[in-house]
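Architecture and fold: a report
In case you want the letters, here they are:
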Amino acid sequence: MAGSIPASAIASVVATAALPRRSVSPWAEAWRRFRRHRLAVIGLVVLCIMVLMVAFGPMLWKLSINDIDFSARLNTPSWAHPFGTDDLGQDIFARMLYGGRISLAVGVAAMLMAMLVGVTIGAIAGISRGAVDAALMWLTDLFLSLPQLPLLLILIYLFRDSLKQAFGPEVGVFILIVLVIGGFRWMPVARLVRAQFFSLREKEFVEAARALGASVPRQVYRHILPNSLGPVIVAGTIDVAAAIIAESTLSFLGLGFPPDIPTWGRILFDSKEYLDIAPHWAMFPGTAIFLAVLCINFVGDGLRDALDPRRVL
Amino acid sequence: MGNYLLRRLLIALPSLLGISVVLFTVLALAPGDPFSEMVQNPNVPPEVAANLRKQFGLDDPVWQRYFRWLFAMLQGDWGFSFISRIDVDKLILGRVPVTLAVIGASQILALLIALPVGVISAARPYSWFDRIASTFALIGFSLPTFFTGLLLILVFSIKLDWLPFVFRADISATGWEWWRQNILQAIMPVTVLGLLQGASWTRYVRSAVLDVIRLDYVTTARSKGLKERAVILKHVVRNALIPVVTLVALTMPLVFGGAIITEQIFRIPGIGSLLIDAILRNDTPVIMAVTFVFACLVILFNLIADLLYGWLDPRISYR
């Protein structure tokens, strides 16, 4: 029975399907594997629709996000207000379209920040053994043992006002939240990249490059880094989901964006007190967060199958 | 083993010190302290405010304040909450049992879900059970706790009116009635935390069992003619659970983080809601102490994970 269970569900299917060999680029190959994961494809489609909606929706759905209309307080969904209205008579659909931009942008920006720091630190530690490696890993471990959520809350609370003054309410809070969330999520990436570097550094093709006289930066950029990116991309995808949840959590606790910037978490926070009379108000933003996170996780799952270096083929 | 434990504790000390320095610096750099509101209060003469600042040493350099705090902490004096007018250690001790009870119960629920589902999934990989379980695990893992919490409140408290949605620590009933009320009010928070943890652990249990089930000794056990059940339970699970135990210990800090949100939703008077209250009311000594307690818990559970790992897996030696 040893080794009889394939590392992924699609591996055996692909093995038979790929029999007539043609030369395919690695990305086309990965895309073909990704398409076999049905839920991942559905997730990708739903995610694309959500992104398109928040990107172009506010241009098409003309209702303002902060037009107060007390005659239409806490309305249930109707044709005029597809997602209903909140306690000030503001249109929830318009607010969600607008806030979704920020929720999703925070997720992506925080992921990019975590990736940048994580890959840099992991690569430096992985290529330069010895004292530098030990110091960087100690730093990584220290960050891992910081109590994250409490610190996140404290940092946001303490520095919100000064950044607001410096960059304006929207940009200031955005920068702060991205920096703080990204600053607490790079450690797993750094460890992953370091481990990849350790094993790739000794591979024959890197040795060959070294023998041909490639400098260390060239070995890293040209040979080691591209080959270590697969798991990093998967981790990055999952990180977007985690960052979206983190932002919503902060907003839900009242420590995220101010009320005039209606991210999904913020709408949920505002709706909490009206749960008994206006449940729709909480349902729509909550479902949006859940759907976005679920789709990203499915895409990440599909990417893991598509980019798994241990794939059976 | 004793030697190893001692050395690990000695390694943990600098980390704790490092964390406390980071925390203290962050809090000291930040604008605003407990007396900033008093300065704006017209009823407090400026001299009184200045005297109070002096008495508590708030105008000293940061490093002096840090060492004063550190030594006081080591002597068991955790400071005084300016807002609640009570010693910080009493405040925290009063809140800890509720948090521990809720977290403990939710972890047990999570294990009760994750272990059987994960093992059955891995025993028949890619069967319909496995596919459904994996999908549900991913869904459960993607549901943010604050949303599940609100959903449960909406369904079970507001629509059905079965469960209370405000957690009370001061239930006056005694005996069975006390237990009944406590269990009723704990059901929703425990479910929220337990489902989230259970979903993510199911994935780990499944992959841990899958890693082991392909090994040669399992094939040997099967070829000896053992029943599949015995092979799985006696040979596979025992070894597969080693990394899972470590993982459970390592995710405890995350669970405490998740408890902050759950406590906020259900208004549970635990240390998580204490922290949020303290942050919103600028109660620095309480923020510092609670965060430090969280940091100690992280390091403690890391240590427990390492010790358990060595104890469960004799191939790993303490050196």
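Residues numbered from 1 in each chain as written. Chains lettered and ligands numbered in written order. Predicted model: local features only at pLDDT ≥ 70, side-chain atom pairs only at ≥ 80, totals over all residues.

1. A look at the overall build of chain B
Looking only at helices and strands, one finds 12 helices and 2 strands in chain B. In chain B, the order of α-helices and β-strands from amino to carboxyl end is α-α-α-α-β-β-α-α-α-α-α-α-α-α. A sequence separation of at least 24 residues applies to 72% of the contacts in chain B between residues at least 6 apart. (Helix = DSSP H or I, 4+ residues; strand = E, 2+ residues; numbered from the N terminus. Contact = placed C-beta atoms within 7 Å.)

2. Some remarks on the overall build of chain A
For chain A, the count of helices and strands is 12 helices and 0 strands. Across chain A, helices and strands are ordered from the amino to the carboxyl terminus as α-α-α-α-α-α-α-α-α-α-α-α. Across the 313 residues that make up chain A, the buried fraction comes to 44%. Of all intrachain contacts in chain A linking residues separated by at least 6 positions in sequence, the fraction that spans at least 24 positions is 69%. (Buried ≥ 20, exposed ≤ 12 C-beta atoms within 10 Å, placed from the backbone.)

3. Looking at the packing of helix H7 (residues 145–159) of chain B against helix H10 (residues 228–266) of chain B
Residues and elements named next belong to chain B. Contact geometry of H7 with H10 gives a least axis separation of 9 Å together with a crossing angle of 30 degrees. With respect to each other, H7 and H10 are oriented roughly parallel. Crossing of H7 over H10 shows right-handed handedness. Across from Thr-145, Phe-146, Gly-149 and Leu-150 in H7, the residues of H10 making contact are Gly-258, Ile-261, Thr-262, Ile-265 and Phe-266. For the contact of H7 with H10, the per-class residue count stands at 5 nonpolar, 4 polar and no charged. (Axes fitted to C-alpha atoms, helices over the stretch in contact; angles between N-to-C directions. Parallel < 35°, antiparallel > 145°, perpendicular 65-115°, else oblique. Left-handed = near helix turned anticlockwise from the far one by under 90°. Nonpolar A, V, L, I, M, F, W, Y, C, P; charged D, E, K, R; others polar.)

4. Let's talk about the nonpolar core
Among the nonpolar cores identified, the biggest contains 160 residues, and Leu-153 and Ile-177 of chain A together with Val-290 of chain B are the most heavily contacted of them. Setting aside anything within four residues of it in sequence, one finds Ile-177 of chain A in contact with Val-106, Ile-156, Glu-247, Leu-250 and Gly-256 of chain A. (Core = buried A, V, L, I, M, F, W, Y, C linked by C-beta atoms within 7 Å.)

5. Overview of the interface of chain B and chain A
Tallying the contact residues gives 44 residues for chain B and 42 residues for chain A. Breaking the side of chain B that touches chain A down by element, the ones donating at least two residues are helix H1 (2–29), helix H6 (128–142), H7, helix H9 (216–223), H10, helix H11 (271–280) and helix H12 (284–312) of chain B. Ranked by residue count, the leading element in the side of chain B that touches chain A is H12 of chain B, at 8 residues. The residue makeup of the side of chain B that touches chain A, split by class, is 32 nonpolar, 9 polar and 3 charged.

6. Digging into the confidence of the model for chain A
All names here are of chain A. The pLDDT averaged across chain A works out to 80; a share of 88% of its residues lies at or above 70. Considering each helix and strand of chain A separately, the mean pLDDT is smallest for helix H1 (residues 11–17), with a value of 48, and largest for helix H4 (residues 92–127), with 89. Low confidence marks residues 10–18, where pLDDT is under 50. Its contacts with residues over four positions away, or in another chain, come to 15 contacts. (pLDDT = per-residue confidence, 0-100.)

7. Considerations on the confidence of the model for chain B
Residue and element names in this part refer to chain B. With 89% of its residues at a pLDDT of 70 or more, chain B has an overall mean of 79. Summarising per-element confidence for chain B, the mean pLDDT is lowest in helix H2 (residues 36–40) (57) and highest in H9 (88). Overall fold confidence for the complex sits at a pTM of 0.82, while the interface term, ipTM, reaches 0.78.

8. Notes on the packing of helix H3 (residues 38–60) of chain A against helix H12 (residues 279–307) of chain A
Residue and element names in this part refer to chain A. The N-to-C vectors of H3 and H12 enclose an angle of 135 degrees; their axes lie 8 Å apart at closest approach. Between H3 and H12, the angle falls in the class oblique. Pair H3 / H12 crosses with left-handed handedness. Between H3, through Leu-39, Ala-40, Gly-43, Leu-44, Val-46, Leu-47 and Met-50, and H12, the contact on the second element is made entirely by Leu-291, Ala-292, Cys-295, Ile-296, Phe-298, Val-299, Asp-301 and Gly-302. Split by residue class, the contact of H3 with H12 holds 12 nonpolar, 2 polar and 1 charged.

9. A word on the environment of Ser-215 of chain A
Here Ser-215 of chain A is to be found in the loop between helix H9 (204–211) and helix H10 (216–252). Sequence separation between Ser-215 of chain A and Gly-172 of chain A is 43 residues, and the spatial gap between their C-alpha atoms is 41 Å.

10. With respect to helix H8 (residues 175–213) of chain B
Between its first and last C-alpha, H8 of chain B extends only 48 Å over 39 residues, short of the 57 Å set by a 1.5 Å rise per residue. Along its length, H8 of chain B shows its largest kink, about 40 degrees, at Ile-187 of chain B, and proline Pro-189 of chain B lies within four residues downstream of that point. (Expected span 1.5 Å × (residues − 1). Bend = angle between axes of the 7 residues up to and from the residue.)

11. Topic: H12 of chain A
In this model, H12 of chain A (29 residues) spans 41 Å end to end at C-alpha, consistent with the 42 Å of a helix rising 1.5 Å per residue. Summarising burial for H12 of chain A: 25 of the 29 residues are buried, a large majority.

12. Brief notes about unusual backbone geometry
All names here are of chain B. Phi is positive for Tyr-126, which is not a glycine, with a value near 65 degrees. Here Tyr-126 is to be found in the loop between helix H5 (88–123) and H6. Classification of Tyr-126 as partly exposed rests on a count of 15 C-beta atoms within 10 Å. Unusually for a residue other than glycine, Arg-267 sits at a positive phi of about 50 degrees. Tracing the sequence through the fold places Arg-267 in the loop between H10 and H11.

13. Overview of the environment of Ser-157 of chain B
Residues and elements named next belong to chain B. Structurally, Ser-157 can be placed in helix H7. Ser-157 gets classed as partly exposed once you count the C-beta atoms within 10 Å, which come to 18. Separated by 31 residues in the primary sequence, Ser-157 and Met-188 have C-alpha atoms spaced 9.7 Å apart.

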